[in-house]
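Chain by chain, the residues run as shown.
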Amino acid sequence: MKKIVLIGLILLNFSCEKEGELTRTTPNVVVDNGAILTYTATLIPTSGISATGQVKIFNDKGQFKLRLENVSLSDGPDLKVYLSKSATPNAFVNLGNFTGNGTSTYAIPNGISFSEYQYVLIHCQQYNHLFATAKLIPHL
């Protein structure tokens, strides 16, 4: 009987997915004054959603950072900021929780190729509803 309980506890431990570093509430990420603007985009709302704002990606001494500026977005639960390979949330990197209207900054994991990840999405993970998309454009 003890073996069954022990096996059950071990399986439970391995079956519970721990929340990844990038899905927690986003810490206050800062972009230094010397950071280089590399990509820009404009948020486009999906049907029934109100969304405005700008997306900027900076190279800050080799660390890429995504900044949402002047964002105004319809309220929704469980909103996440994704860096995605398409305009739909099929293949993406979760940058963290959407921290609200205004301006917020997110760290982008090392090794991301912007030739593959060309979209920024704001997505309600709980109800699988896309709120806004933005196609990244290289800043020249």
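### Details of the sheet that holds strand S2 (residues 44–45)
An order of S2-S9-S8-S5-S6 is seen for the five strands of this open sheet, with the pairing classed as antiparallel. Bordering the open sheet on either side are S2 and strand S6 (92–97), each of which pairs with just one other strand. In this structure, strand S5 (residues 79–84) lies alongside strand S8 (residues 119–124), joined through six bridges in antiparallel fashion. Residue pairing across strands places Tyr82 opposite Leu121, the latter belonging to S8.

### Brief notes about the nonpolar core
By size, the foremost hydrophobic cluster in this structure holds 29 residues, and its most contacted members are Leu66, Leu73 and Leu83. For this core, the secondary structure elements donating two or more residues are strand S1 (36–42), strand S3 (51–60), strand S4 (63–73), S5, S6, S8 and strand S9 (129–135). For this core, the element with the highest residue contribution is S4, accounting for four residues. With sequence-adjacent residues up to four places away left out, Leu73 is seen in contact with Ile49, Ser50, Ala51, Leu79, Phe98, Asn101, Ile122, Phe131 and Ala132.

### Thoughts on unusual backbone geometry
Unusually for a residue other than glycine, Lys61 sits at a positive phi of about 55 degrees. You will see that Asn70, though not glycine, has its phi angle at about 50 degrees, which is positive. Its place among the elements puts Asn70 in strand S4.

### Let's talk about the sheet that holds S1
Ordered by their spatial adjacency, five strands build an open sheet running S7-S4-S3-S1-S10, and the pairing between neighbours is antiparallel. For this open sheet the edge positions go to strand S7 (102–107) and strand S10 (137–138), each flanked by a neighbour on one side alone. Of the pairings in the sheet, the one linking S4 to S7 comprises five bridges and is antiparallel in character. If you follow Leu68 over to S7, its bridge partner there is Ser104.

### Quick look at the environment of Tyr39
Among the structural elements, Tyr39 can be located in strand S1. With a relative accessible area of 18%, Tyr39 lands in the buried category. Spatially, the C-alpha atoms of Tyr39 and Val55 are 8.0 Å apart, while their sequence positions differ by 16 residues. When near neighbours in sequence (up to four residues on either side) are disregarded, Tyr39 contacts Val55, Lys56, Ile57, Phe114, Leu136, Ile137, Pro138 and His139.

About the cut-offs
Every chain is numbered on its own, with residues counted from 1 as its sequence reads. Per-residue local features are limited, in this predicted model, to residues with pLDDT of at least 70; the limit for side-chain atom pairs, both in listing and counting, is 80 or more; totals at the level of whole chains, interfaces and linings are taken over all residues. Excluded from the side-chain calculation are hydrogens and water; included are all heavy atoms of the structure. Strand pairing is assigned whenever DSSP identifies at least 2 bridges connecting the two strands. Each helix corresponds to a stretch of at least 4 residues labelled H or I by DSSP, and each strand to a stretch of at least 2 residues labelled E; elements are numbered beginning at the N terminus. Residues belong to one nonpolar core when they are buried, are Ala, Val, Leu, Ile, Met, Phe, Trp, Tyr or Cys, and are joined through side-chain atoms within 4.5 Å. Only protein chains enter the accessibility calculation, which uses a 1.4 Å probe; a residue is then buried when its area is under 20% of its type maximum, exposed when over 50%, and partly exposed in between. By definition in these notes, contact holds between two residues if any of their heavy atoms fall within 4.5 Å.

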